[in-house]
Amino acid sequence: MYHGRSTGKGPSTPTQIYQQPPRLLIVHIALPSWAHICSNLCEALQNFFCLACSLMGPSRMSLFSLYMVQNQHECILPFVQVKGNFARLQACISELRTLQKEGCFRPHSTSLQLAVEDGLQQFKQYTRHVATGAALSYTSLEITVLTSQPGKEVAKQLEEGLKDTDLVRVRRLQVVEITEGVLECMDSVSPVEEPSSDESSVLGTDIDLQTIDNDVVSMEIFFKAWLHNSGTDQEHIHLLLPSRCFSNISRTGDDSMCLKCDLQERLLSPSLLPGTADGSLRMDDPKGDFSTLYQMASQSSASCYKLRVIKALNSSGICESLTYGLPFILRPTSCWQLDWDELETNQQHFHALCHSLLKRQWLLLAKGEPLSGGHSLRTPASTFYVIVPSRSPTLLVKAVATRELLLPSPFPPLPEDPTDVSLKTVERVLDSLELEPTYNPLQAWSHLYSHLSNTLTKLQGRIQPSLESRALRKAGQLQTNRVRATVAPLPMTPTPGRAPKMPAASKPSSEVFWPSKGEEYPSGP
């Protein structure tokens, strides 16, 4: 079973820093709950794949497959490359929308277990065929079960059913319970970005358990976490602080306190998305306006990128006009190659630093140390960063301008006494505005999803499975626009008095189709 560590132990490459492992999503939602969840889930998936398929640069997601478990398990989408396959993913979502929403049935107790085993078998067979003549950057699979049933019961069911199954290729097995609660955090910036301790736990050491609300925003943010770099092969950043300021701590070879951190994006760069207003000027640059920090950290394989703290600043001691680029978040590293004592000590020091900075109302000014690249006599340019604490165990990192980048900007003093007529006019305008205590991005829509969907549809064409074609598939016929499974399904548990029914999506065939990257599976009769 999954024990929290990746099977691959080699250092990350620049491409791997972006790419998540292959993912198998199993929708385990029985009637009548499916009628209340279907619309939200399909919209969240549609929004997520609009982003995932549109992002320029290296692919952040490799393979994706989807199964549905109701009265039996069914492969809705065999493993496909995410990038370049929006039409296939859109057809899969349309297929979900057509599934039965009313009625009742008695699901087989082994259907979920069979879906996991069947999906894992498909992944193994896919990687065996694709690996012929091509090196794969992924060797393990992440499995997520979305369920309407109590998460702990489903996790225990999986633990019992899979105890004799070889799961060495499973990087992570996660059960996510969809609750019927209304999103209470719409006024917060990140409602479900980090599940609370009451919502997220681990049963034994095998299956992760989490809950999310039954609304589009919560599901959407859950899926967006798949775009993060979650690799644990190596820490991303070494934050170096002058050791003379601390006592009873381990020091590095250059007599500094070293906090080992992982780097995480706070938001997606608009320059990575085609046709956005901010990205139109940078369409020729797949890296967009990524700050130097993330680029350097991504390219560091032999050694970690270093941020050396050189000064402390008052929290009000920096002008916002001097920061530039996208902000990034530092967290204590979860690198598996560190022993548990070092991980615990590193985390405690990181938390202590956050508390101390908040108490003192300080920021940190740090200088990025370029990676050594041979014996060049030229001194590489440095980048400076301001590090901002928060009330969560994270630090926000923003690039800050240096003398070379600064342009002259006159700032004459503001006149003290504006005219009464102008003052009253402007105050009436301001009084008409609705005052909010904070800016909430979850309540600001830019119509980006519909724009990306239309753009992708024009590029790739549209596949529209209909109710009639679904009926044909149920009868055992494969329609022309329906995907073909890559492996034969596992045996189904027969219902008394009925022959076992085989989903057409997983129907065995004398032919097996293996698409190259970005291509679709050929369809056939």
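Residues numbered from 1 in each chain as written. Predicted model: local features only at pLDDT ≥ 70, side-chain atom pairs only at ≥ 80, totals over all residues. Heavy atoms only, no water.

Draft legend 1. Summary view of the sheet that holds strand E9 (residues 256-265). Judged by pairing direction, the barrel is mixed, and its 7 strands sit side by side in the order E8-E9-E11-E14-E13-E12-E10 before closing back on the first. Between one strand axis and the next, the sheet turns by 40° as a mean value, whatever way the strands run. Both strand E8 (residues 237-242) and E9 contribute to a ladder of 6 bridges, which runs antiparallel. By the bridge assignment for E9, Leu 240 is matched with Cys 258. Those strands touched by helix H7 (residues 340-360) are E8, E9, strand E11 (323-332), strand E12 (362-369), strand E13 (384-389) and strand E14 (395-400), and its axis lies near 85° from that of E9. (Pairing = 2+ DSSP bridges. Helix = DSSP H or I, 4+ residues; strand = E, 2+ residues; numbered from the N terminus. Axes fitted to C-alpha atoms, helices over the stretch in contact; angles between N-to-C directions. Contact = heavy atoms within 4.5 Å.)

Draft legend 2. Broad picture of the pairing of strand E1 (residues 23-28). Within E1, 6 of the 6 residues are buried, leaving the element largely enclosed by the surrounding structure. Side chains of E1 alternate between two faces, with Arg 23, Leu 25 and Val 27 and Leu 24, Ile 26 and His 28 buried alike. With 6 bridges connecting them, E1 and strand E2 (residues 63-69) associate as parallel partners. Bridging across to E2, Leu 25 finds its partner in Leu 66. Taken together, E1, helix H1 (residues 33-54) and E2 form a β-α-β motif whose crossover is right-handed. Summarising the sheet, E1 and strand E4 (residues 141-147) pair through 6 bridges and their orientation is parallel. Bridge pairing links Val 27 to Leu 146 in E4. (Buried < 20%, exposed > 50% of the residue type's maximum accessible area, 1.4 Å probe, protein only. Right-handed = clockwise from strand over helix to strand, strands pointing away.)

Draft legend 3. A look at the confidence of the model for the protein chain. Of the residues in the protein chain, 67% reach a pLDDT of 70 or more, and the chain-wide mean stands at 76. Confidence drops under a pLDDT of 50 for residues 182-205, and excluding neighbours within four residues, the segment shows 47 contacts in the predicted structure. Here residues 246-251 is modelled with pLDDT under 50, and outside its nearest four sequence neighbours on either side it reaches 9 contacts, counting other chains as well. (pLDDT = per-residue confidence, 0-100.)

Draft legend 4. Focus on the side chain of Asn 47. Among the secondary structure elements, Asn 47 is positioned in helix H1. Each residue touching Asn 47, except ones within four places of it in the same chain, is listed here: Val 216, Glu 220 and Tyr 449.

Draft legend 5. Geometry of the packing of H1 against helix H2 (residues 86-97). Running from N to C, H1 and H2 cross one another at 175°; their axes reach a closest spacing of 9 Å. In this view, H1 runs roughly antiparallel relative to H2, as classed from their interaxial angle. Mapping the contact onto sequence places Trp 34, Cys 38, Cys 42, Glu 43, Leu 45, Gln 46, Phe 49, Cys 50 and Cys 53 in H1 and Phe 86, Leu 89, Gln 90, Ile 93, Leu 96 and Arg 97 in H2. (Parallel < 35°, antiparallel > 145°, perpendicular 65-115°, else oblique.)

Draft legend 6. Representation of the nonpolar core. If you look at the biggest cluster of nonpolar residues, it comprises 46 residues, and the most contacted ones within it are Trp 34, Phe 64, Leu 66 and Phe 223. Contributing elements (two or more residues each) for this core: E1, H1, E2, strand E3 (73-81), H2, strand E5 (170-179), helix H5 (216-224) and helix H9 (448-460). In terms of residue count, the dominant contributor to this core is H1 (13 residues). In this view, Phe 223 contacts Leu 25, Leu 41, Ala 44, Leu 45, Phe 48 and Leu 146; residues no more than four positions away in its chain are not counted. (Core = buried A, V, L, I, M, F, W, Y, C linked by side-chain atoms within 4.5 Å.)

Draft legend 7. Expanded view of the environment of Thr 345. Among the structural elements, Thr 345 can be located in helix H7. For Thr 345 and Leu 259, which are 86 residues apart along the polypeptide, the C-alpha to C-alpha distance reads 9.5 Å.

Draft legend 8. Highlighting a nonpolar patch on the surface. A surface patch of nonpolar side chains, amounting to about 290 Å² of accessible area, comprises Val 426, Leu 430 and Leu 433. As for its position among the elements, Leu 433 is in the loop between helix H8 (420-431) and H9. (Patch = residues over 30% accessible without salt bridge, like charges linked within 9 Å, V, L, I, M, F, W, Y side chains within 5 Å. Areas by Shrake-Rupley, 256 points an atom, 1.4 Å probe, with all protein chains shown as cover. Salt bridge = Lys/Arg side-chain N within 4 Å of Asp/Glu carboxyl O.)

Draft legend 9. Expanded view of the pattern of salt bridges. Within this structure, the stated rule accounts for 9 salt bridges. Note that Glu 220 is salt-bridged to Lys 224, the shortest N-O span being 3.3 Å. Here the residue Glu 220 and the residue Lys 224 both occupy positions in helix H5, the gap between them amounting to 4 residues, near one helical turn. The exposure class assigned to Glu 220 is buried, which follows from its relative accessible area of 11%.

Draft legend 10. Structural view of the environment of Pro 274. Tracing the chain through its elements places Pro 274 in the loop between E9 and helix H6 (292-299). With 182 residues separating them in the primary sequence, Pro 274 and Leu 456 have C-alpha atoms 9.9 Å apart.

Draft legend 11. Representation of the packing of aromatic side chains in the model. Overall, the coordinates contain 9 aromatic pairs when judged by the stated rule. Between Phe 48 and Phe 49, the ring centres sit 5.1 Å apart and the planes meet at 65°, which makes this aromatic pair edge-to-face. In this structure Phe 48 comes out as buried when scored by relative accessible area, which is 0%. By relative accessible area, Phe 49 is classed as buried at 2%. Between the aromatic rings of Phe 79 and Phe 123, the centroid separation amounts to 5.8 Å while the plane-to-plane angle is 55°, which identifies the pairing as tilted. Residue Phe 79 is located in strand E3, and its partner Phe 123 is located in helix H3 (residues 111-130); the two are separated by 44 residues in the primary sequence. Given a relative accessible area of 1%, Phe 79 falls into the buried group. Three or more aromatic residues link up through ring pairs in this structure, and these residues are Phe 48, Phe 49, Phe 64, Phe 222, Phe 223 and Trp 226. (Phe/Tyr/Trp six-rings, centres within 6.5 Å; stacked < 30°, edge-to-face > 60°.)

Draft legend 12. How the structure looks around the side chain of Arg 60. Structurally, Arg 60 can be placed in the loop between H1 and E2. A distance of 3.5 Å separates a polar side-chain atom of Arg 60 from the backbone oxygen of Leu 227. A polar contact is formed between the side chain of Arg 60 and the side chain of Glu 265, at a distance of 2.6 Å. (Polar contact = N/O pair within 3.5 Å; in protein donor to acceptor, adjacent residues only side chain to side chain.)

Draft legend 13. Quick look at the pairing of E2. Burial within E2 is extensive, with 7 of its 7 residues counted as buried. Sheet analysis places E2 next to E3, joined by 6 bridges and oriented antiparallel. Looking across to E3, one finds that Phe 64 is bridged to Val 80. Adjacent in sequence and paired antiparallel, E2 and E3 are bridged by 3 residues.

Draft legend 14. Structural detail: H2. Relative to the 16 Å expected for 12 residues at 1.5 Å per residue, H2 spans 17 Å between its end C-alpha atoms, a close match to the ideal helical length. For H2, a buried count of 10 out of 12 residues is recorded, marking the element as mostly surrounded by other parts of the structure. Phe 86, Ala 87, Arg 88, Leu 89, Gln 90, Ala 91, Cys 92, Ile 93, Glu 95 and Leu 96 are the residues of H2 that are buried. (Expected span 1.5 Å × (residues − 1).)

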